Amino acid sequence: MNKLYEKNGILFAVIWIVIYVVGMSLADNLSRIVGVEKSISLALCIILSAVAYGWIKKNGYVAKYGLCKPTVSADQMLYYVPLVFIATINIWYGFAMNLSMLESLLYFFSMILVGFLEEIIFRGFLFVEMCKDNVKTAIIVSSVTFGIGHIVNLFNGSGADLFSNLLQVVYAIAAGFMFTIIFYKTKSLWPCIVTHSVINSMSVFANEAAATPMMKVATAAALTLVSLGYAIYIIKRGVGDETR
């Protein structure tokens, strides 16, 4: 890993993205074949998370990839209230037990690790490396690739329909932009990891059957507007500028 990273950091990030996306899709399908949702997926998440964190820790990249406290005070970030609002998105329609108790637990914990992995890969590995050349380009690429990456849900057997998936791509790009700005300004990935993990893990209890198409559009719009608005607020206020 070190040789590839030292030779080409961006290629290193891209390979991680491919391994993650392809690996998780295969693991989800294998879990369904086994008959226990997320059983193989959780195992893969644990392995990938351990490898990624172990490599970061071993090489002294904890601060570089934001696995540290924010460098700005909470009041400058509006006490992260917009993130709390966004984190509740999957319970806006109420609660539902969509899977068995065992599968719900497997799903819950695998999604927590998915939040960790996606932030490390897209905001950490990819964004940090691209920042060396152009910060604006890095922000755009990290945000867009993160959002478009969700299109894989159409093909991995998750059951996502085209309409819902396209909405997900749109608000995922907005959320990706917000997470990237938070990381860039605070030098910490933890607010992003925690929010992302809560959103993902609570999806197992989402009452999707209660949501009409218009409700889904309204939800996507709210998430997009809050994400973009929060990111713009952070930028305009100059949060974290004094630390660079």
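A. Spotlight on the overall build of the protein. Of regular secondary structure, the protein possesses 9 helices and 0 strands. If you list the helices and strands of the protein from N to C, you get α-α-α-α-α-α-α-α-α. Its C-alpha atoms give the protein a radius of gyration of 18 Å, near enough to 18 Å, the size a compact globule of 244 residues would have. Overall size of the protein, expressed as C-alpha extent along the three principal axes, is 50 × 40 × 25 Å. Counting all 244 residues of the protein, 46% fall into the buried class. If you take every contact in the protein between residues at least 6 apart in sequence, the share linking residues at least 24 apart comes to 79%. For the protein, the exposed surface amounts to about 11500 Å²; the carbon and sulfur share of it is 72%.

B. Seen up close, the packing of helix H7 (residues 162-186) against helix H8 (residues 190-202). Remark: H7 packs on H8, axes separated minimally by 8 Å, with the N-to-C direction vectors making an angle of 150°. Judged by the angle between their axes, H7 and H8 are roughly antiparallel. In this structure, H7 uses Phe179, Ile182 and Phe183 to contact H8, whose residues at the interface are Pro191, Cys192, Thr195 and His196. Across the contact of H7 with H8, the residue classes tally to 5 nonpolar, 2 polar and no charged.

C. Fine view of helix H3 (residues 39-58). Helix length check: H3 (20 residues) gives 29 Å between terminal C-alpha atoms against 28 Å at 1.5 Å per residue, within 8%. Along H3, the residues classified as buried are Ser41, Leu42, Cys45, Leu48, Ser49, Ala52, Trp55 and Ile56. One or two positions beyond H3, positive phi appears at Gly60, with a value near 75°.

D. Unusual backbone geometry, seen in detail. Of note in this structure, Tyr79 is not a glycine but carries a positive phi near 55°. Counting through the fold element by element, Tyr79 comes out in the loop between H3 and helix H4 (81-87). Here Tyr79 falls in the exposed class, since its relative accessible area comes to 57%. A positive phi angle, near 65°, is found at Lys187, a position not held by glycine.

E. Seen up close, the packing of H3 against helix H5 (residues 101-131). Contact pair H3 / H5: the axes reach a minimum separation of 9 Å and the direction vectors enclose 35°. For the pair H3 and H5, the sense of crossing is left-handed. Contacts between H3 and H5 involve Ser39, Leu42, Cys45, Ile46, Leu48, Ser49, Ala52, Tyr53, Trp55 and Ile56 from the former and Leu106, Phe109, Ser110, Leu113, Val114, Phe116, Leu117, Ile120 and Phe125 from the latter. Looking at side-chain class alone, the contact of H3 with H5 contains 16 nonpolar, 3 polar and no charged residues.

F. Inspection of the packing of aromatic side chains at higher detail. Per the counting criterion, the structure on display carries 16 aromatic pairs. Pairing Tyr5 with Tyr61 gives two aromatic rings, centres 5.5 Å apart and planes at 45°, and the pair type is tilted. Taken together, the positions of Tyr5 in helix H1 (residues 2-7) and Tyr61 in the loop between H3 and H4 put the pair 56 residues apart, joining distant regions of the chain. Comparing Tyr5 with Tyr61 shows no difference in burial state: the two are buried. Ring geometry for Phe122 and Phe146: centres 5.6 Å apart, planes at 70°, overall edge-to-face. One end of the pair, Phe122, is in helix H5; the other, Phe146, is in helix H6 (residues 135-148), and 24 residues separate them in sequence.

G. How the structure looks around a nonpolar patch on the surface. Residues Ile10, Leu11, Val14, Ile15, Val18, Ile19, Val22 and Leu26 make up a contiguous nonpolar surface patch of roughly 610 Å² in combined accessible area. Of note, Ile15 is situated in helix H2 (residues 9-34).

H. Layout of H2. Its 26 residues give H2 an end-to-end C-alpha distance of 37 Å, which sits within 8% of 38 Å, the value for a rise of 1.5 Å per residue. Its buried side turned inward, H2 meets H1, H3 and H5. Among the residues of H2, the N-terminal cap falls to Asn8, whose side-chain oxygen and the backbone nitrogen of Ile10 are separated by 3.2 Å. A positive backbone phi angle near 100° is found at Gly35, which sits one or two residues after H2.

What counts and how
Residues numbered from 1 in each chain as written. Predicted model: local features only at pLDDT ≥ 70, side-chain atom pairs only at ≥ 80, totals over all residues. Heavy atoms only, no water. Helix = DSSP H or I, 4+ residues; strand = E, 2+ residues; numbered from the N terminus. Rg over C-alpha atoms; globule rule 2.2 N^0.38 Å. Buried < 20%, exposed > 50% of the residue type's maximum accessible area, 1.4 Å probe, protein only. Contact = heavy atoms within 4.5 Å. Areas by Shrake-Rupley, 256 points an atom, 1.4 Å probe, with all protein chains shown as cover. Axes fitted to C-alpha atoms, helices over the stretch in contact; angles between N-to-C directions. Parallel < 35°, antiparallel > 145°, perpendicular 65-115°, else oblique. Nonpolar A, V, L, I, M, F, W, Y, C, P; charged D, E, K, R; others polar. Expected span 1.5 Å × (residues − 1). Left-handed = near helix turned anticlockwise from the far one by under 90°. Phe/Tyr/Trp six-rings, centres within 6.5 Å; stacked < 30°, edge-to-face > 60°. Patch = residues over 30% accessible without salt bridge, like charges linked within 9 Å, V, L, I, M, F, W, Y side chains within 5 Å. Salt bridge = Lys/Arg side-chain N within 4 Å of Asp/Glu carboxyl O. Polar contact = N/O pair within 3.5 Å; in protein donor to acceptor, adjacent residues only side chain to side chain.

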